[in-house]
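# An overview of the molecular structure
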Amino acid sequence: MQNPNELNNDGILFAQNGDYKKAISCFKKAIELKNDNPFFWLNLGITYRDFNKIDLAIEATLQAHKLDLQNHEIANTLVQLFINNSELERATNLCQKILTADDKNSNTWNLLGIIYFKSELYSKAQNCFETALSIDSFFADALFNLRDTFFELGDEEKAIECDTKLKQLEK
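Being a predicted model, the structure only gives us computed values, none of them experimental. Along each chain, residue indices are assigned from 1 in the same order as the chain's sequence is written. At least 70 in pLDDT is required for a residue's local features to be given in this predicted model, at least 80 for side-chain atom pairs to be given and counted, and no such filter applies to totals for whole chains, interfaces and linings, which use all residues. Only hydrogens and water are removed before side-chain values are computed, so all heavy atoms of the structure are retained for them.

## As for the overall build of the protein chain
Note on conventions: DSSP H or I runs of at least 4 residues are helices, E runs of at least 2 residues are strands, and numbering of each starts at the N terminus. When helices and strands are counted, the protein chain shows 10 helices and 0 strands. Reading the helices (α) and strands (β) of the protein chain from amino to carboxyl end gives α-α-α-α-α-α-α-α-α-α. Principal axes of the C-alpha set define a box for the protein chain whose edges measure 60 × 35 × 25 Å. Taking contacts inside the protein chain between residues at least 6 apart in sequence as the whole, the part at least 24 apart equals 43%. Residue burial considers only the protein chains on display, and all accessible areas are found by Shrake-Rupley using a 1.4 Å probe. Split by element, the accessible area of the protein chain, about 9800 Å² in all, is 46% carbon and sulfur. Working convention for charge: Lys and Arg count positive, Asp and Glu count negative, and His plus the chain ends are omitted. Charge positions are represented by NZ for Lys, CZ for Arg, CG for Asp and CD for Glu. Treating the 18 positive side-chain charges of the protein chain as one cloud and the 26 negative ones as another, the clouds have centres 4 Å apart. Only heavy atoms matter for contacts: two residues are in contact if any of them lie within 4.5 Å across the pair.

## With respect to the environment of Ile115
Its place among the elements puts Ile115 in helix H7 (residues 106-118). Apart from the residues lying within four places of it in its own chain, the contact partners of Ile115 are Val79, Ile83, Leu88, Ala91, Thr92 and Cys95.

## Concerning the nonpolar core
Within this scheme, the nonpolar core is defined by two criteria: the residues are buried Ala, Val, Leu, Ile, Met, Phe, Trp, Tyr or Cys, and they are joined through side-chain atoms within 4.5 Å. Any residue under 20% of the maximum accessible area for its type is buried, any over 50% is exposed, and the rest in between are partly exposed; the area is computed with a 1.4 Å probe on protein chains only. Leu44, Val79, Leu112 and Ile115 are the most contacted members of the largest nonpolar core, which totals 47 residues. The element that contributes the greatest number of residues to this core is helix H5 (residues 72-84), accounting for 7 residues. Leu44 has contacts with Ile24, Phe27, Lys28, Ile31 and Ala60, leaving out every residue within four places of it along the chain.

## Quick word on helix H9 (residues 140-153)
Every α-helix winds through 3.6 residues per turn, so residues three or four apart in the chain are directed the same way. Here, expected helix span is obtained from the residue count minus one, scaled by 1.5 Å. Taking 1.5 Å per residue as the helical rise, H9 with its 14 residues ought to reach 20 Å, and the 20 Å between its terminal C-alpha atoms agrees with that figure. When H9 is considered as a whole, its buried residues turn out to be Ala142, Leu143, Asn145, Leu146, Arg147, Thr149 and Phe150. For H9, the secondary structure elements touched by its buried residues are H7, helix H8 (122-135) and helix H10 (156-170).

## Observations regarding the packing of helix H3 (residues 38-50) against H5
In this analysis an axis means a line fitted to C-alpha atoms, helices contributing only their contacting stretch, and an angle means the value between N-to-C directions, from 0 to 180 degrees. For the pair H3 and H5, interaxial distance at closest approach is 11 Å and the crossing angle is 25 degrees. In terms of axis orientation, H3 runs roughly parallel to H5. The two elements H3 and H5 meet at a crossing, and its hand is left-handed. Taken together, the residues of H5 that come into contact with H3 (itself represented by Pro38, Phe39, Leu42, Ile46 and Arg49) are Glu73, Ile74, Thr77 and Leu81. Following the grouping adopted for this structure description, the nonpolar residues are Ala, Val, Leu, Ile, Met, Phe, Trp, Tyr, Cys and Pro, the charged ones are Asp, Glu, Lys and Arg, and the polar ones are all others, Gly among them. Of the residues in the contact of H3 with H5, the class split is 6 nonpolar, 1 polar and 2 charged. With respect to orientation, any angle under 35 degrees is reported as roughly parallel, any angle over 145 as roughly antiparallel, any angle of 65 to 115 as roughly perpendicular, and every other angle as oblique. Take the far helix as your reference; a near helix turned counterclockwise from it by less than a right angle gives a left-handed crossing, and one turned clockwise gives a right-handed crossing.

## What about helix H6 (residues 88-101)?
For H6, built from 14 residues, the straight-helix expectation of 20 Å at 1.5 Å per residue is met to within 8% by its first-to-last C-alpha distance of 20 Å. Within H6 the residues assigned to the buried category are Ala91, Thr92, Leu94, Cys95, Ile98 and Leu99. End-on view of H6: buried residues confined to an arc of 170 degrees, all on one side of the axis. In H6, the exposed positions angled more than 90 degrees off the buried face are occupied by Glu89, Lys97, Thr100 and Ala101. What the arc measures is the spread of directions leading from the helix axis to the C-beta atoms.

Below is the structure:
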């Protein structure tokens, strides 16, 4: 009998090499053997995402989330999938649930900022990105997003400040 952990590891290696069909097959076999492991489901979801099968990615990642509601990595991956699929209301609701449980989650603040940015609610986006940066001052993605938000708000001076900080982070 095959070991589900070995199948999962093989799936990760296949996915890293771009062989998504073999990776998906490995994850599905691992799940057949042990369907209560959220990381098998998450890996399946991420692989579907990379294989550009967003609906299947959401389905698998939702299953991972149901198995481990406390895991913010899984929840944030699900938020990203919702955003990529233009399901901004679902993404917002999940962000708010995560932040209710952990308001120091810089990644979730950044994701919520992205949702607001996509919705052209730039002041709300700015607040989210600044909150993310107050938690993690080295969070380059949030700084990049804040810079773009300042440009949208017409505050070129603050956008340039963000650019300067980004260049300092790269060093």
